[in-house]
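So you can see what is in the structure, the chains are spelled out below.
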Amino acid sequence: MTEAALEIRGVSKSYAEHVAVSDFSLSVPRGTVYGLLGPNGAGKTTTIRMILDIIAPDSGSISILGRPHGDRGVLDSVGYLPEERGLYKKMSVRDVLRFLAELKGVDRRTANARIDEWLSRMGLRTDAKDWGKAKVDELSRGMQQKVQFIGTLLHDPSLVILDEPFSGLDPINAQALKDTVVELRRRGKTVIFSTHVMDSAERLCDSVCIIAGGRKVLDGKLADVRAENAGHTVALALDGDPDTAISSVLRDRALVARMDDHGRNFEIELAAGADAQELLHRIVAAGARIRRFEQVQPSLHQIFLQRVGATGVEEGMSGHG
Amino acid sequence: MDKLWVVIKREYIERVRTKWFVFVTLFGPIFFAAIMIVPGYLSVRGMQDARVNSVRIVDATGAGLGYRVAEKLVPAAADSSDAAVAARDSALTYMRSEVREVAPATLAALEDSLVADVMAQRLTGYLILDSATMAGTSARYAGRNASSVGENEQIENAVRAALLESRIESAGIDAATAESLSRVRVRLAAERITDEGKGGSGLAGAIFGFAIAFLLYMSIIFYGQAILRGVLEEKTTRVAEVVMSSVTADTLLAGKVIGVGAVGLTQQLTWVASGVLFWKLRGAILSAIGAPGMPSFAFPAIEPAVLIALVLFFLLGYTLYAALFAAVGAMVGSQEEANQASQPVMMLLVFSIIFVQPVMMDPTSTLANVMSLIPFSAPIIMPVRMSATQVPGVEIAGSLLGVALACVACIWLAARIYRIGLLMYGKRPSLRELARWVRQS
């Protein structure tokens, strides 16, 4: 159990027009929930596809559970939920699931037993109705998502990779997914998921890796990441709207590197070398009535903005969730 | 191997289960039954009806031609044995004919009453023999069965034979000699001769060759399109990515081609088996429904080596085109785009099939030689040529080798396009982009 669940060393991949992933390394310990965070187009999906040997890296190596990922049978212990989901529409749910399980080397009888178990667990098989017999395209979208999720876990993988798992999920399925991730972790499985929704990452992950423009920006345990980035962020609340004098202080680049403006509440990232005390002094001098002034641990969202920079953030970003 | 098997199994079972497959597969035997049994049955039914035919022969020739015609309508047995007579009686039409000699002037009035008789079903029809008949130009028949080609021909033959006999007789030759002189029945039996000697009838060879070419053409189009649709489905439903996280794109492609090919083979074996079965049982079935044997031709004798070559052409030809169709499926994003993008592949096929007839007509021409060596047309043209003429073994082997090499090249190319294309969405790639895909993977 010493080797990591996933070890990526110096992987690069470029397409004709652009570099998708550049000299990327990552080590994911076993039994953790790991968040791969980045804006759209950061190279998350390309990285995941390389892990799963769907596309070949130009250079670098990848090993899963201590073995090169191209080795026979290694991928049988990996479960994958792609961002773009899909199933064979004309097949029955049970047949699709059995097919996916058999592709991972699960024998027919075991697969059948597990399918029944999972269908019941996900509420797709009750005394009244067995959706396993229905064709995939007779199912609602939410049900199809459940079936896809079952397909990811049917072979009891040690490493589960979920690409943007929360996109398009209704609240009930999103909750079921979160519960399952927690359950998997409890059973010692490793879960890697990519997302650009910082909120869900913050609540679920033990460790995170932020990737932007195909390069790793930072990685580590969530607590460490936050501690390292602490001391630079100030939460400020004013009594009344800021007047011109106060606004000009807050716009002073020598003091404030970045500011998340909510009207009367501000999450302020101090400029390099700036002192929180000086900021407080200047604001008070400008005549502000202060309700709150606190040095805080930054949210993952704030760290993300801080490290990736507003330029690396696309419209798809959502933050406070 | 296990995973390849899983993919093959899914492709096979999902396709064989469809209503469409069941329908088309069962349609084959029904079709064979129809073309083998029904015509035989119908002709028998026609003959049975004809037995109660009652035909009035109106003889206005004044030369007694009517009696001769009536006589000729009762066919002679092949010999005088009981079996031959019985066969004649059961097999051939016996027309109850009644002759009435009239003067040409009364013909019009009589015809009116005959029409009334036919309308009232007292008669099946009437035959008018007049001076034009004696001149050898025409005779007239009118009746309920006037649209029956077989019966018209029978009456026509009887009139001709009667006229010939009467002319020979009037040339001063006695009746018996005239009878034997006028009895002329020649059938052309064409037989094909190859290096190995006689090999069944030429017609059978041509039908066989055409059947092979057509079967291959149809199955390539049908199952090639099925592969295209299958790939497109996996791409548009995005299920491809899930599958490719478990198996390589190459395995998926191979499984698809083999699985769909197996579906096609299942269907064709059903057809061939039912065809052969009906052919064998045809006599029994026909006699069970009271029909005699039909004129028959022997199946061309196929040597094992030729059979192996045919099967190889079939399999390689299918694989060649299947790979191309799969590549097209991976390139496009919708059925409309697929129709357009598969045009070049379809052209290769159509180009082959339009040359089938010229090659059959002249199987030793330069055109035939060249077409049977080009890998894309060889799987269709070579079997046609082989059935139409003797093709040197070296040429067959060379042609097969060419198809096999083209097959390997196409699979190599298709696998590369497939691997990249399956995960590419958006606009269709240009040729240059395609070339890059191929280089990249």
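If you're wondering where the values come from, they're calculated on a predicted model, not measured in any experiment.

**Student:** What should I look at first to understand the overall build of chain A in this one?
**Tutor:** A tally of helices and strands in chain A yields 10 helices and 14 strands. Overall, the C-alpha framework of chain A stretches about 75 × 50 × 40 Å when taken along its three principal axes. Burial analysis of chain A (321 residues in total) assigns 41% to the buried set. For chain A, restricting intrachain contacts to residue pairs at least 6 apart in sequence, the fraction spanning at least 24 positions comes to 70%.

**Student:** Help me understand the overall build of chain B in this model?
**Tutor:** For chain B, the count of helices and strands is 19 helices and 6 strands. Taking all 441 residues of chain B together, the buried fraction comes to 35%. Considering only contacts within chain B whose residues lie at least 6 apart along the sequence, 74% involve residues at least 24 apart.

**Student:** Looking at this structure, how should I read the packing of helix α2 (residues 93–103) of chain A against helix α4 (residues 141–153) of chain A?
**Tutor:** Packed helices, taken two at a time, are described by the angle between their axes plus the distance between the axes. Residues and elements named next belong to chain A. Two elements in contact, α2 and α4, have axes separated by 9 Å at closest approach and are oriented at 25 degrees. Compared by their axis directions, α2 and α4 come out roughly parallel. Of the two elements, α2 crosses α4, and the hand of that crossing is right-handed. Where α2 abuts α4, its residues Val93, Leu97 and Leu100 lie against Val147, Ile150 and Gly151. When grouped by side-chain class, the residues that make up the contact of α2 with α4 number 5 nonpolar, 1 polar and no charged.

**Student:** Is there a simple way to explain helix α1 (residues 2–16) of chain B in this structure?
**Tutor:** Helical geometry: 3.6 residues make up each α-helical turn, so side chains three or four residues apart lie on a common side. An ideal rise of 1.5 Å per residue puts 21 Å on 15 residues; α1 of chain B measures up with 21 Å between its terminal C-alpha atoms. Turning to α1 of chain B, its buried residues are Val6, Val7, Ile8, Arg10, Glu11 and Arg15 of chain B.

**Student:** Before we go on, may I ask you to explain the sheet that holds strand β5 (residues 67–68) of chain A in this structure?
**Tutor:** The strands that make up a sheet pair up through hydrogen bonds in the backbone, lying either parallel or antiparallel. All names here are of chain A. Spatial strand order, β2-β1-β4-β5: 4 strands in an open sheet with antiparallel pairing. Among the strands making up the open sheet, the edge pair consists of β2 (19–28) and β5. Here 6 bridges tie strand β1 (residues 6–14) to β2, and the two strands are oriented antiparallel to one another. Within the sheet, the bridge partner assigned to Lys13 lies in β2 and is Val21.

**Student:** Could you clarify how one ought to interpret the sheet that holds strand β6 (residues 78–81) of chain A in this entry?
**Tutor:** Residues and elements named next belong to chain A. Reading across the sheet, the 6 strands line up as β6-β7-β8-β3-β9-β10 and stay open at both edges, with mixed pairing between neighbours. Looking along the sheet, the strands with just one partner apiece sit at the ends: β6 and β10 (215–221). Direction aside, neighbouring strands of the sheet carry axes that sit 15 degrees apart on average. The sheet contact formed by strand β3 (residues 33–37) and strand β9 (residues 207–212) spans 4 bridges and is parallel. What sits directly across from Leu37, in β9, is Ile210. In the packing of α4 onto the sheet, the strands contacted are β6 and β7 (159–163), and the crossing angle to β6 comes to about 160 degrees. Helix α10 (residues 300–308) rests against β3, β9 and β10 of the sheet, and its axis sits at about 35 degrees to β9.

**Student:** What am I meant to see in the interface of chain A and chain B here?
**Tutor:** Buried accessible area, meaning the area lost when the parts come together, often serves as the stated size of an interface. Between chain A and chain B, the residue contacts involve 20 residues of the former and 16 residues of the latter. No other element matches the 4 residues that α2 of chain A contributes to the side of chain A that touches chain B.

**Student:** When you look at unusual backbone geometry in this model, what are you seeing that I'm missing?
**Tutor:** All names here are of chain A. With phi around 40 degrees, Asp23 is a residue other than glycine that occupies positive phi space. Within the secondary structure, Asp23 is located in strand β2. The phi angle at Leu65 is positive, at roughly 50 degrees, despite the residue not being glycine.

**Student:** Explain the packing of helix α12 (residues 304–331) of chain B against helix α18 (residues 393–421) of chain B here, please?
**Tutor:** Residues and elements named next belong to chain B. Direction vectors running N to C along α12 and α18 enclose 20 degrees, while the axes themselves pass 8 Å from each other. Taken as axis vectors, α12 and α18 run roughly parallel relative to one another. Where α12 crosses over α18, the two elements pack in a sense that is left-handed. Residues of the contact of α12 with α18, tallied by class, amount to 23 nonpolar, 3 polar and no charged.

**Student:** Even after reading the chapter, I still don't get the nonpolar core, so can you show me in this structure?
**Tutor:** For soluble globular proteins, the rule of thumb is that nonpolar side chains tend to be buried together. Residue and element names in this part refer to chain B. Residues Ala326 and Ala414 are the most contacted members of the largest nonpolar core, which totals 147 residues. Broken down by element, the residue count for this core peaks at 17 residues, all from α12. Beyond its immediate sequence surroundings of up to four residues, Ala414 is in contact with Leu253, Ala323, Leu324, Ala326 and Ala327. Within the second largest apolar cluster, 21 residues are counted, among which are Ile57, Leu65, Tyr126 and Leu163.

**Student:** Can you walk me through the confidence of the model for chain A in this structure?
**Tutor:** Reading fine detail from the predicted coordinates is not recommended where pLDDT is low. All names here are of chain A. For chain A, the average pLDDT comes to 86, and 95% of its residues sit at 70 or higher. Of all secondary-structure elements in chain A, the lowest mean pLDDT belongs to α10, at 81, while α2 reaches the highest, 95. Here residues 311–321 scores under 50 on pLDDT; set against residues more than four positions off or in separate chains, the count is 21 contacts.

**Student:** Teacher, can you tell me more about the pairing of β1 of chain A here?
**Tutor:** On a regular strand, one side chain projects to one face of the sheet and the next to the other, so that they alternate. Residues and elements named next belong to chain A. As consecutive antiparallel partners, β1 and β2 are separated by 4 residues. Pairing geometry for β1 and strand β4 (residues 59–64), over 5 bridges, is antiparallel. Looking across to β4, one finds that Arg9 is bridged to Ser61.

**Student:** I keep staring at the environment of Ile173 of chain B and nothing clicks. Help me out?
**Tutor:** Residue and element names in this part refer to chain B. The residue Ile173 is located in the loop between α7 (149–170) and α8 (175–182) in this model. Between the alpha carbons of Ile173 and Ser219 there is a distance of 63 Å; along the sequence they are 46 residues apart. Residue contacts for Ile173: discarding those within four places in its chain leaves Ile168 and Ala178.

Cut-offs applied
Residues numbered from 1 in each chain as written. Chains lettered and ligands numbered in written order. Predicted model: local features only at pLDDT ≥ 70, side-chain atom pairs only at ≥ 80, totals over all residues. Helix = DSSP H or I, 4+ residues; strand = E, 2+ residues; numbered from the N terminus. Buried ≥ 20, exposed ≤ 12 C-beta atoms within 10 Å, placed from the backbone. Contact = placed C-beta atoms within 7 Å. Axes fitted to C-alpha atoms, helices over the stretch in contact; angles between N-to-C directions. Parallel < 35°, antiparallel > 145°, perpendicular 65-115°, else oblique. Left-handed = near helix turned anticlockwise from the far one by under 90°. Nonpolar A, V, L, I, M, F, W, Y, C, P; charged D, E, K, R; others polar. Expected span 1.5 Å × (residues − 1). Pairing = 2+ DSSP bridges. Core = buried A, V, L, I, M, F, W, Y, C linked by C-beta atoms within 7 Å. pLDDT = per-residue confidence, 0-100.

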